[in-house]
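# Per-entry structural report
What follows is each chain in one-letter form.
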Amino acid sequence: MADTRYYNPALETLARADLDSLVDERIRATVRYAEEHSPFYRRWFARHNIRPEAIREHEDLRELPVISGATIRRYQPPQAEEFCFKSVPWEAVFTVNETSGTSGVPKAFFLTWEDWERYAGKYARMFVSQGFLPGDRMVVCASYGMNVGANTMTLAARDLGVTVIPEGKCTFPVRVMAHYRPTAVIGSVFKLLRLARRMEAEGIPPAEAGVARLVIGGESFAPESRRYLEEVWGCPVYNTYGSTEGTMCGECTRQAGLHVPEDLVHFDLYDPRMDRFVQDGETGRLVYTTLLEPGKRAGTLLLNYDTEDTCRVVSRERCGCGRTHMRIDNPRREAETVLVAGVPLNRVDVEAAVFAPGNMAFLNGEYEAFIYGGDEAGETVLRVSMESLDPAGADPGEVEETFLSTLFRLVPALAAAYEGGTLQFVCNVTPPGGLELHRAPGRPKRIVDRR
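Reference entry: report on the structure contained in this document. (Residues numbered from 1 in each chain as written. Predicted model: local features only at pLDDT ≥ 70, side-chain atom pairs only at ≥ 80, totals over all residues. Heavy atoms only, no water.)

## Thoughts on the overall build of the protein
Quick reminder of the rule: Each helix corresponds to a stretch of at least 4 residues labelled H or I by DSSP, and each strand to a stretch of at least 2 residues labelled E; elements are numbered beginning at the N terminus. Taken over C-alpha atoms, the radius of gyration is set against a globule rule of 2.2 Å times the number of residues to the power 0.38. In this scheme, a residue with accessible area under 20% of its type's maximum is buried, one over 50% is exposed, and one in between is partly exposed, where area comes from a 1.4 Å probe on protein chains only. The contact criterion used throughout is that any non-hydrogen atoms of two residues lie within 4.5 Å. A 1.4 Å probe and the Shrake-Rupley method give the accessible areas. Residues count as covered only by the protein chains that appear here. Only four residue types enter the charge count, namely Lys and Arg as positive and Asp and Glu as negative; His and the chain termini do not. Each charge is placed at NZ for Lys, CZ for Arg, CG for Asp and CD for Glu.
Counting its secondary structure elements, the protein contains 13 helices and 22 strands. In terms of C-alpha radius of gyration, the protein reaches 23 Å, essentially the compact-globule figure of 22 Å for 451 residues. For the C-alpha atoms alone, the extent of the protein along its principal axes is close to 70 × 60 × 45 Å. For the protein, the residues scored as buried account for 55% of the 451 residues in total. Counting contacts in the protein only where the partners sit at least 6 residues apart, residues at least 24 apart contribute 68% of the total. Summing over all exposed atoms, the protein offers an accessible surface of approximately 19400 Å²; the carbon and sulfur share of this is 50%. The centroid of the 52 positive side-chain charges in the protein is displaced by 4 Å from the centroid of its 63 negative side-chain charges.

## What to know about the pattern of salt bridges
Our working definition: A pair is scored as a salt bridge if a Lys or Arg side-chain nitrogen falls within 4 Å of a carboxyl oxygen belonging to Asp or Glu.
Evaluation of the coordinates by the stated rule reveals 32 salt bridges. Among the ionic pairs, D449 bridges to R451, the shortest N-O distance being 2.7 Å. Using a relative accessible area of 37% as the deciding quantity, one classes D449 as partly exposed. Counted as one network, the salt bridges with shared partners bring together R26, R125, D263 and E293.

## Regarding the packing of aromatic side chains
For clarity, the cut-off: To pair, rings of Phe, Tyr and Trp, with the six-membered ring standing in for Trp, must have centres within 6.5 Å; the planes then decide the type, stacked if under 30 degrees apart, edge-to-face if over 60, and tilted in the middle.
Tallying each qualifying case throughout the model produces 22 aromatic pairs. Relative to Y41, the ring of F40 lies with its centre 4.9 Å away and its plane at 80°, an arrangement referred to as edge-to-face. The same class applies to F40 as to Y41, namely buried. Considering the side-chain rings of F403 and F425, the 5.2 Å spacing of their centres and the 15° angle between planes classify their relative orientation as stacked. With F403 in helix α12 (residues 396-410) and F425 in strand β21 (residues 423-430), the pair connects residues that are 22 residues apart, well separated along the chain.

## Examining the side chain of N304
Looking at the element boundaries, N304 is found in the loop between β12 (284-290) and β13 (305-311). In this view, N304 contacts L61, L64, P65, V66, I67, F277, V287, Y288 and T289; residues no more than four positions away in its chain are not counted.

## With respect to the environment of R118
Mapped onto the elements of the fold, R118 is located in helix α6 (residues 113-129). You can call R118 buried: its relative accessible area is 15%. R118 sits 94 residues away from A212 along the chain, and the two C-alpha atoms are 27 Å apart. Setting aside chain neighbours within four positions, we find R118 in contact with L264, L292, K296, R297 and A298.

## Observations regarding the packing of α6 against helix α7 (residues 149-160)
Short version of the rule: Helix axes are fitted only over the stretch in contact, all axes being lines through C-alpha atoms; the angle between N-to-C directions runs from 0 to 180 degrees. Angle categories are assigned with fixed cut-offs, so that under 35 degrees is roughly parallel, over 145 is roughly antiparallel, 65 to 115 is roughly perpendicular, and the rest are oblique. When the near helix sits turned anticlockwise from the far one by under a right angle, the crossing is termed left-handed; a clockwise turn instead gives a right-handed crossing. Amino acids are sorted into nonpolar (Ala, Val, Leu, Ile, Met, Phe, Trp, Tyr, Cys and Pro), charged (Asp, Glu, Lys and Arg) and polar (every other residue, Gly among them).
Between α6 and α7, the least distance of the axes is 8 Å, while the angle of their chain directions is 70°. By the angle between their directions, the pair α6 and α7 is classed as roughly perpendicular. Considering how the two elements wind past one another, α6 and α7 form a crossing that is right-handed. Residues W113, W116, Y119, A120, Y123, A124, F127 and V128 of α6 pack against N151, T152, M153, L155, A156, R158 and L160 of α7. Here the contact of α6 with α7 is built from residues that sort into 12 nonpolar, two polar and one charged.

## Some points on the sheet that holds strand β22 (residues 447-449)
What counts here: Pairing between strands requires that DSSP locate at least two bridges from one strand to the other.
With mixed pairing, four strands are arranged side by side in an open sheet as β21-β20-β19-β22. Because the sheet does not close on itself, it has two edges, and the strands there are β21 and β22. Pairwise comparison of adjacent strand axes, ignoring direction, gives a mean angle of 15° for this sheet. With eight bridges joining them, strand β19 (residues 363-373) and strand β20 (residues 380-388) adopt antiparallel strand pairing. In the strand pairing of β20, L363 is matched with S388. Across the sheet, α12 lies against β19, β20 and β21, angled at about 130° from β21, the strand it touches most.

## Some thoughts on the sheet that holds strand β3 (residues 137-140)
Sheets are built from strands that pair by backbone hydrogen bonding, the pairs being arranged parallel or antiparallel. Across the sheet, which stays open at both edges, the nine strands sit in the order β4-β3-β5-β6-β7-β8-β9-β15-β14 with mixed pairing between neighbours. Both edges of this open sheet fall to β4 (163-165) and β14 (313-315), since each of them pairs with a single strand only. The strands touched by α7 within the sheet are β3, β4 and β5 (184-187), with β3 carrying the most contacts at an inclination of about 170°. Contacts from helix α9 (residues 189-201) reach β5 and β6 (213-216) within the one sheet, and its direction differs from that of β5 by about 130°.

Laid out in structure tokens, this is it:
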């Protein structure tokens, strides 16, 4: 009888020493491929006096320069005449994909069919680790466009015998939940909360809809919002992390960190402020390297690529689920971190304070935060607005007290700034639909610096 706990048991349970040897073999194959097929890396090796044959194991990658998204943009049109990261001829390119472009010109990636199979394999591992079985029905609330997420999940589902309901958006009619009885829904925290409210309004309690699991993709979230979402839906919520670059990782049913498919994805952690790589347990920026099996090819590959997402390694020991691949914390987007009174504040910290258990008796989870300069020199104002289904019944003072106590516990340096008078806080409780983000076009930003 097949072991339904794993998608690829031999690889997912490989002993650590054997896994490290496999990683080193694939690093050598990837660097060799880069030298032979990537116009960018051929020049990069020469410019930095790098001997590709000297890169033999994963520790050697730490001796190489780190590249960024800006590097990719600099070596593609309009700044360059050609796409220097394209590593196969056009006839081998199956699709052209782009990042969202929220931080500038979208980065272009060229995927072969082999790339798509690797991407789908990463998601298939995640889904199996989260308990998906043949016959499951999965609603995908992710964009079927230039990003790879939704299509990758769909290909993974095909390989697992899972039925896909490809909605793309989470605004689909509630009848879909009643008629098809999906066993899983993939979306963001707030899409799934809004869907739950629409279901309740039409007399369908989310916890009684037959959904066995929710999967969050494409965003970091606070443990508090996960707990609340699990309470509303009555099922576990699993986290995934991925990008067009290929950084797909996901939680298993133990919810003890995101498993990294180390035979396909290599991560190091880098502290750009101290200009050094950090050790396990320390927080740093995820630096990603594509890993290729010898003889395979990639439309675009990356060596020592700064994802600009911060994280830490949770463990390299065998997980309770039996998998041996390392686990990382929920990555946070560096772009969602702002300095408030000289203290780094991430969107997830704000979200955790909003979703503090004492608040969710009054709130529906929707929020937005704005940072302003205060009236005095060096003063900062943090204004947070939170929605309540019953604003008249909510006590703004109690909401504010719960918010601040949670935020200061998570970010103690903010408490000192608040007590010292350099940080002012304004709390607003609004009715549903009262937030500015509901009227803003595009993907809403939860924390906005208006200084």
